[in-house]
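What follows is the residue order along each chain.
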Amino acid sequence: MTFTTPAWGARTADTPLEPITIQRREALATDVRIKVEYCGICHSDVHTARDEWDGTAYPCVPGHEVLGIAVAVGPEVTKFKAGDRVGIGCLVSSCGACDACEAGLEQYCETGWTGTYNSSDPYGTDSHTHGGYSGEIVVDERFVLRIPDGLDPAAAAPILCAGITLYSPLKHLAVGPGSKIAILGFGGLGAMGVKLAKALGAEVTVITRTEVKAADALKAGADHVLVSSDAAQMNTAERGFEAIFSTIPRTHDMAPYLQLLKNDGCYVILGAVEPMQTPFHGATLMGRRISIVGSLIGGIPETQEVLDFCAEHGIASDVQVVGVDGINAAYDHIAAGDPGFRYVIDMSTI
Ligand SMILES: [Zn+2]
Ligand SMILES: [Zn+2]
């Protein structure tokens, strides 16, 4: 049993997003049916709609920072009721049985997880899943997040991807009071990273290419900035970071940044879903026991944790709310270089 809901999606890699109609399943026993209020625009949405990572199934309805109101729940749902404000992040299904799933790390599910959009649809409603640029979405309660009171709904949406993408590795590396870390790149991810790392007690440097973004980063609460296009600044910078969180959404040369890590420092790749082609010297890693690691979003328990953490610490994303007719212009702006705020779509305009 299915129903139709309006959506905005791309029909091909080369055409702008436009209104389309999609099918959703009627709520099954453990499902929550959600009326979408807001959906953040993530750089991943742009990459996928434009098939920049290959493998996009069309029509493509992006959106994995989904915030809305539960309008109906299945008879076996225990955690939510109609009227609750809820969120959906990047995941809508996983095997539930492997070690990763049992540890609440569904993003590392050993048999592969189901993305909110552009994944094969395990329910068979359509060939592939469709995201939050839509009127309604239906998701198993295991993947539904509770939005704490006190979070502004539009500003909370980006926590569901941008927020958890930074929070998970910050926690994994035990960043806290006394930590000196750097956030590389000051787009939607970087801006959330500054707020979260500051709230955890760290001393935070933002590394960015432009003076304009450097000024924005200071305004957002960064303790220091380093302008990477300024060779003098880069050459004289201290080797002082215990971790650098790279939010750069493309392949990039890591070598200049590896130089800034202290002994046992860690370079964390968060945004570049591309082959890395850094000609770094083995001695750079060996000489200071440096590691290069990756981290992918976060599991459901930790996503709930970051939502609660943000509510407790008064953290919200800086957002610019647009109507559905503003999606394509926002895409062009993001593709030209992530702004230090998040575009969020007001889905009541659909
Ligand atoms: Zn995302
Ligand atoms: Zn699993």
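Heads up: the structure comes first, above all this text.
Model, not experiment: these values are computed from the prediction.

**Student:** With reference to specific residues and values, describe unusual backbone geometry.
**Tutor:** For residues that are not glycine, phi is negative in most cases, and the peptide bond is trans in most cases. Cis peptide bonds are those with omega within 30 degrees of zero, and the linkage from Tyr58 to Pro59 qualifies with -5 degrees. With respect to the helices, strands and loops of the structure, Pro59 is situated in the loop between helix 1 (43–49) and strand 4 (66–73). Backbone geometry places Asp54, a non-glycine residue, at a positive phi of 60 degrees. With a phi close to 50 degrees, Arg289 is a non-glycine residue in the positive phi region. If you trace the backbone, Arg289 turns up in the loop between helix 9 (282–286) and strand 15 (291–294). The class of Arg289 is exposed, set by a relative accessible area of 62%.

**Student:** Explain the nonpolar core residue by residue, including any values.
**Tutor:** Nonpolar side chains tend toward joint burial in soluble globular proteins. One finds Ile41, Tyr133, Leu170, Ile181, Leu196, Phe245 and Ile327 to be the most contacted residues of the largest nonpolar core, which totals 83 residues. Top element by residues in this core is helix 5 (residues 188–199). It accounts for 6 residues. Lining this core are residues from two domains, each supplying at least three of them: domain 1 (2–160 + 316–349) and domain 2 (162–294). Those residues in contact with Ile41, other than ones at most four positions away along the chain, are Glu65, Tyr133, Ile327, Ala330, Tyr331, Ile334, Arg342, Tyr343 and Ile345. By size, the runner-up hydrophobic cluster in this structure holds 17 residues, among which are Tyr257, Leu261, Ile269 and Ala272.

**Student:** Describe in detail the sheet that holds strand 14 (residues 261–269), supporting the description with residues and values.
**Tutor:** Spatial ordering of the open sheet is given by 12-11-10-13-14-15, a layout of 6 strands whose pairing is parallel. Each having just a single partner strand, strand 12 (224–227) and strand 15 make up the two edges of the open sheet. When strand polarity is set aside, the average angle formed by the axes of neighbouring strands in this sheet is 20 degrees. Examined bridge by bridge, strand 13 (residues 241–246) and strand 14 share 5 bridges and lie parallel to one another. Within strand 14, the residue paired with Phe241 across the bridge is Leu261. Where helix 6 (residues 211–219) meets the sheet, it contacts strand 11 (203–208) and strand 12, and its direction lies at approximately 170 degrees from that of strand 12.

**Student:** How would you sum up the coordination of the zinc ion (ligand 2)? Please name residues and give values.
**Tutor:** Expected angles at a metal are 109.5 degrees for tetrahedral coordination by four donors and either 90 or 180 degrees for octahedral coordination by six donors. Coordination of the zinc ion (ligand 2) by the protein comes from Cys95 (SG), Cys98 (SG), Cys101 (SG) and Cys109 (SG), over a distance range of 2.3 Å. The site at the zinc ion (ligand 2) holds 4 donor atoms, and with the angles between them running 105 to 117 degrees, its shape is tetrahedral. Sequence spacing of the donor residues for the zinc ion (ligand 2), all on one chain, is C-x2-C-x2-C-x7-C. For Cys95, a relative accessible area of 34% translates into the label partly exposed.

**Student:** Hey, could you go over the packing of helix 5 against helix 10 (residues 300–313) for me, with residue numbers and the actual values?
**Tutor:** In contact at an axis separation of 11 Å, helix 5 and helix 10 are set at 75 degrees when each is read in the N-to-C sense. Looking at the two axes, helix 5 sits roughly perpendicular to helix 10. Contacts from Met192, Leu196 and Ala199 in helix 5 reach Val306, Phe309, Cys310 and His313 in helix 10. Grouping the constituent residues of the contact of helix 5 with helix 10 by class yields 6 nonpolar, 1 polar and no charged.

Definitions and limits used
Residues numbered from 1 in each chain as written. Chains lettered and ligands numbered in written order. Predicted model: local features only at pLDDT ≥ 70, side-chain atom pairs only at ≥ 80, totals over all residues. Heavy atoms only, no water. Helix = DSSP H or I, 4+ residues; strand = E, 2+ residues; numbered from the N terminus. Buried < 20%, exposed > 50% of the residue type's maximum accessible area, 1.4 Å probe, protein only. Core = buried A, V, L, I, M, F, W, Y, C linked by side-chain atoms within 4.5 Å. Domains from an automatic or database assignment. Contact = heavy atoms within 4.5 Å. Pairing = 2+ DSSP bridges. Axes fitted to C-alpha atoms, helices over the stretch in contact; angles between N-to-C directions. Donors = N, O, S within 2.8 Å, 3.2 Å for Na, K, Ca; no water. Tetrahedral: all angles 85-135°; square planar, octahedral: opposite > 155°, others 65-115°. Parallel < 35°, antiparallel > 145°, perpendicular 65-115°, else oblique. Nonpolar A, V, L, I, M, F, W, Y, C, P; charged D, E, K, R; others polar.

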